[in-house]
Amino acid sequence: MHSVSNAIAQISERIAIAARGAGRHPAAIRLVAVSKTRSAAEIGAAVAAGITDIGENYLAEAQPKIAALEGAAIDWHFIGAIQSNKTRGIASAFQWVQTVDRARIAKRLSDQRNVSDPLDVLLQVNVDNEPQKAGVAIEGLSELANYAAALPNIRLRGLMAIPRDTDDVETKRQSFRRLANLFEDCRPHGCADWDTLSMGMSDDFELAIAEGATMVRVGTAIFGPRSR
Ligand SMILES: *Cc1c(COP(=O)(O)O)cnc(C)c1O
């Protein structure tokens, strides 16, 4: 039987090995457990095994889980597509939003944040320039970053991407490297507070860490395969 706590222990070990291999401290990598389709009880098991960050893709699916786990020490991360009629709910229920890719959504999240600490935000970048993919185009990134950084109730922390799906390691590495370069290039130019580079999922988190990820988002490898 799949055990969430065993899986978390194994992934933590793999993260530590990948971090040391890249000359980095294992504690510099934050693990977000992605719990779409999973129950509040499964999330509770992950939290009992040491997880502190949970990622959800849909507001309506997340809300009852967030309510069920109220009081647990969890930072909730919104990692799905954002429709403008969902920003109010997202801005009040989540601590992080990783998928901001346009000014209008950033503005709404800031305006609608009704919690005293600012919302932690990552800009999602369409790093492989895929036509149907979410994310700001690379050419539009600095303008969006300047805009979002000036909003009062947002704390812009860095970048996130979902690279093109491929089994080719070198192609994937190039995508991660492109995002890492955008992250590093921006830091001296008004993005000095940036500390978060979110890339890498179940199939490729070690490669992402080798290329500089500070945050990985892992679902299947923690909770087992999804049925939908
Ligand atoms: C589902 C999802 C993940 C986790 O994917 P796995 O392959 O199950 O690890 C990570 N990031 C985002 C944005 C997702 O939607």
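Everything numeric in this text was worked out from a predicted model, so none of it was measured. (Residues numbered from 1 in each chain as written. Predicted model: local features only at pLDDT ≥ 70, side-chain atom pairs only at ≥ 80, totals over all residues. Heavy atoms only, no water.)

Trainee: What is the right way to read the packing of aromatic side chains from this model?
Mentor: What describes a pair of aromatic rings is the distance from one ring centre to the other and the angle between the planes of the rings. Under the defined criterion, the tally for this structure stands at 2 aromatic pairs. Measuring from ring centre to ring centre gives 5.3 Å for F78 and F94, while their planes differ by 85 degrees; the resulting arrangement is edge-to-face. In this pair, F78 sits in strand β3 (residues 75-78) while F94 sits in the loop between α4 (87-93) and β4 (96-100), placing the two residues 16 residues apart along the sequence. What makes F78 buried here is its relative accessible area of 1%. Judged by centre distance (6.1 Å) and plane angle (20 degrees), the rings of F183 and W194 are stacked. Here F183 is found in helix α7 (residues 169-186), whereas its partner W194 is found in the loop between α7 and β7 (196-198), with 11 residues between them in sequence. A relative accessible area of 2% places F183 in the buried class. Classification of W194 by relative accessible area gives buried; the value is 4%. (Phe/Tyr/Trp six-rings, centres within 6.5 Å; stacked < 30°, edge-to-face > 60°. Helix = DSSP H or I, 4+ residues; strand = E, 2+ residues; numbered from the N terminus. Buried < 20%, exposed > 50% of the residue type's maximum accessible area, 1.4 Å probe, protein only.)

Trainee: How should I be thinking about the environment of S12 in this particular structure?
Mentor: Tracing the backbone shows S12 in helix α1 (residues 4-21). When its relative accessible area of 35% is taken as the criterion, S12 is described as partly exposed. C-alpha separation for the pair S12 and I29, spaced 17 residues apart in sequence, amounts to 9.6 Å.

Trainee: Help me understand the site of the ligand in this model?
Mentor: For the ligand, the set of nearby residues contains 13 residues, the closest of which are K36, N57, S202, G219 and T220. Here an oxygen atom of the ligand sits 2.5 Å away from a polar atom, N or O, in the side chain of S202. Measuring from an oxygen atom of the ligand, one finds a side-chain N or O atom of R226 at 2.9 Å. For the ligand, the accessible surface in isolation is 390 Å², of which the surrounding protein chains cover 90%. More than half of the atoms of the ligand fall within 2 Å of the grid points belonging to the largest pocket. Its residues assigned to classes, the shell around the ligand shows 6 nonpolar, 4 polar and 3 charged. (Near = heavy atom within 4 Å. Polar contact = N/O pair within 3.5 Å; in protein donor to acceptor, adjacent residues only side chain to side chain. Areas by Shrake-Rupley, 256 points an atom, 1.4 Å probe, with all protein chains shown as cover. 1 Å grid on protein atoms, 1.4 Å probe; cavity = no way out; pocket = protein on both sides within 12 Å on 5 of 7 lines; lining within 4 Å. Sits in = over half its atoms within 2 Å of the grid points. Nonpolar A, V, L, I, M, F, W, Y, C, P; charged D, E, K, R; others polar.)

Trainee: Help me out: how do you make sense of a negative patch on the surface in this one?
Mentor: A cluster of acidic residues, D165, D167, D168 and D203, forms a negative patch on the protein surface. For D203, the location among the structural elements is in the loop between β7 and α8 (205-210). (Patch = residues over 30% accessible without salt bridge, like charges linked within 9 Å, V, L, I, M, F, W, Y side chains within 5 Å. Salt bridge = Lys/Arg side-chain N within 4 Å of Asp/Glu carboxyl O. Lys, Arg positive; Asp, Glu negative; His and termini not counted. Charge placed at Lys NZ, Arg CZ, Asp CG, Glu CD.)

Trainee: Can you help me understand the environment of N57 in this one?
Mentor: Tracing the backbone through its elements, the reader meets N57 in the loop between β2 (53-56) and α3 (59-68). The exposure class of N57 is buried, given its relative accessible area of 13%. Note: C-alpha distance between N57 and D111 (54 residues apart in sequence) is 21 Å. Apart from residues no more than four positions distant in its own chain, N57 is found in contact with V34, K36, F78, I79, G80 and A81. (Contact = heavy atoms within 4.5 Å.)

Trainee: Sorry, what's going on with the nonpolar core here?
Mentor: Nonpolar side chains tend toward joint burial in soluble globular proteins. L109, L123, L159, V216 and I222 are the most contacted members of the largest nonpolar core, which totals 63 residues. Setting aside anything within four residues of it in sequence, one finds L109 in contact with T87, I90, A91, V97, V100, L119 and I154. Within the second largest apolar cluster, 5 residues are counted, among which are V32, W96, L122 and M215. (Core = buried A, V, L, I, M, F, W, Y, C linked by side-chain atoms within 4.5 Å.)

Trainee: Could you clarify how one ought to interpret the pattern of salt bridges in this entry?
Mentor: Two side chains bearing opposite charge may form a pair once their charged atoms approach each other closely. In the structure shown here, the tally under the stated rule is 17 salt bridges. In this structure, R30 engages D53 in a salt bridge whose closest nitrogen and oxygen atoms are separated by 2.8 Å. Placement of the pair is R30 in strand β1 (residues 30-34) and D53 in strand β2, with a sequence separation of 23 residues. D195 is the salt-bridge partner of R157, the closest N and O atoms lying 2.9 Å from each other. Note that R157 is positioned in strand β6 (residues 154-160) and D195 in the loop between α7 and β7, a separation of 38 residues in sequence. Owing to a relative accessible area of 14%, R157 belongs among the buried residues under this scheme.

Trainee: Explain the layout of surface pockets to me, please; I cannot follow it from the model alone.
Mentor: The gaps of empty space that remain are located by a probe, the size of a water molecule, rolled over the atoms. In this structure, the largest pocket occupies an estimated 620 Å³ of space. Lining the largest pocket are 31 residues, with I162, P163, M201, D204 and R217 sitting closest to its centre. Mapped onto the lining of the largest pocket, the elements with two or more residues apiece are α7 and β8 (215-218). Of the residues belonging to the lining of the largest pocket, the class tally is 11 nonpolar, 9 polar and 11 charged. Its volume calculated, the second largest pocket comes out at about 170 Å³. I8, S12, I15, A16, P26, I29, L31, A49, G50, I51 and T52 together form the lining of the second largest pocket. The dominant element in the lining of the second largest pocket, judged by the number of residues it contributes, is α1, at 4 residues. Here the residues of the lining of the second largest pocket sort into 8 nonpolar, 3 polar and no charged. (Points joined across faces, edges and corners; volume = space filled by probe spheres on them.)

Remember, this is a structural readout, not a statement about activity or role.
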